[in-house]
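The residues making up each chain are set out below.
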Amino acid sequence: ATMFNNNEYWRKRKNPNHRVSYTFPSHFVENLCYQVSKDKDKNKRKMYEKNYDPSRVDTWGGSHKGAMDIFEAHELFFQVNENDHHWFNVIIDPNTLEETMGDSLHEDMEPKTQEQKESRPWITKCLFDWIIHQHKIRMGSRYSIPESAD
């Protein structure tokens, strides 16, 4: 992800008209949307609990000087590791909040398990909330969701 983003940065510097895309690794999504369970039972300690917290990823996406500006991008790619055995991508246009999912195993992207039915909308909500949070930090104003976004 870092190498891809660095290449995009240099392409944009060489060609100001380049349409930038940024990618975020799975640990970004995990840190943003979940926290490790604090259960005293050590067999359950690795389980994740839903817990949106943008401060855990504050240095990503423009919260500090010199960081990438996610709003110059036309696509943000978020890699998601589902249940430690399956990967899919959430692709969001940060300027319109249009979202697409890419999954090599499930063309229709319909959740197949109860866990997927709960986790996929949660992850998407966390990502949208993070983009809105980044807009407020970078632009100093609340992000108004475009008419075309759900």
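Structure first, text after, so check above.
The shown structure was predicted, so the numbers you read here are calculated from the model rather than taken from an experiment.

Novice: Even after reading the chapter, I still don't get the overall build of the protein, so can you show me in this structure?
Specialist: When helices and strands are tallied, the protein shows 3 helices and 6 strands. Counting all 150 residues of the protein, 37% fall into the buried class. Long-range pairs, those at least 24 residues apart, make up 52% of the contacts in the protein with a sequence separation of at least 6.

Novice: Any chance you could explain the nonpolar core here in plain terms?
Specialist: A general trend in soluble globular proteins is that nonpolar side chains are found buried together. Of all hydrophobic cores here, the largest spans 27 residues; its most connected members are F28, F78, L127 and W130. Listing elements by their share of this core, those giving two or more residues are β1 (20-24), α2 (26-33), β4 (73-82), β5 (86-93) and α3 (114-139). The dominant element in this core, judged by the number of residues it contributes, is α3, at 7 residues.

Novice: Teacher, can you tell me more about the packing of aromatic side chains here?
Specialist: Working definition: an aromatic ring pair is given by the centre-to-centre distance plus the angle between the planes. Applying the stated criterion across every chain, the model contains 6 aromatic pairs. With a centroid separation of 4.9 Å and 75 degrees between ring planes, the pair formed by F28 and W130 is classed as edge-to-face. With F28 in helix α2 and W130 in helix α3, this residue pair connects regions lying 102 residues apart in the sequence. Each member of the pair, F28 together with W130, is buried. Aromatic side chains F78 and W130 sit 6.3 Å apart centroid to centroid with 85 degrees between the ring planes, which places their arrangement in the edge-to-face category.

Novice: Explanation requested: the environment of D69 in the structure shown.
Specialist: Here D69 shows up in the loop between β3 (48-50) and β4. With 66 residues separating them along the chain, D69 and H135 place their C-alpha atoms 9.7 Å apart. Leaving out residues up to four positions away in the same chain, D69 has contacts with Y22 and R138. Here the side chain of D69 touches F71 through a polar contact of 3.0 Å, landing on its backbone nitrogen.

Basis of the calculations
- Residues numbered from 1 in each chain as written.
- Predicted model: local features only at pLDDT ≥ 70, side-chain atom pairs only at ≥ 80, totals over all residues.
- Heavy atoms only, no water.
- Helix = DSSP H or I, 4+ residues; strand = E, 2+ residues; numbered from the N terminus.
- Buried < 20%, exposed > 50% of the residue type's maximum accessible area, 1.4 Å probe, protein only.
- Contact = heavy atoms within 4.5 Å.
- Core = buried A, V, L, I, M, F, W, Y, C linked by side-chain atoms within 4.5 Å.
- Phe/Tyr/Trp six-rings, centres within 6.5 Å; stacked < 30°, edge-to-face > 60°.
- Polar contact = N/O pair within 3.5 Å; in protein donor to acceptor, adjacent residues only side chain to side chain.

Read these as geometric descriptors, not functional statements.
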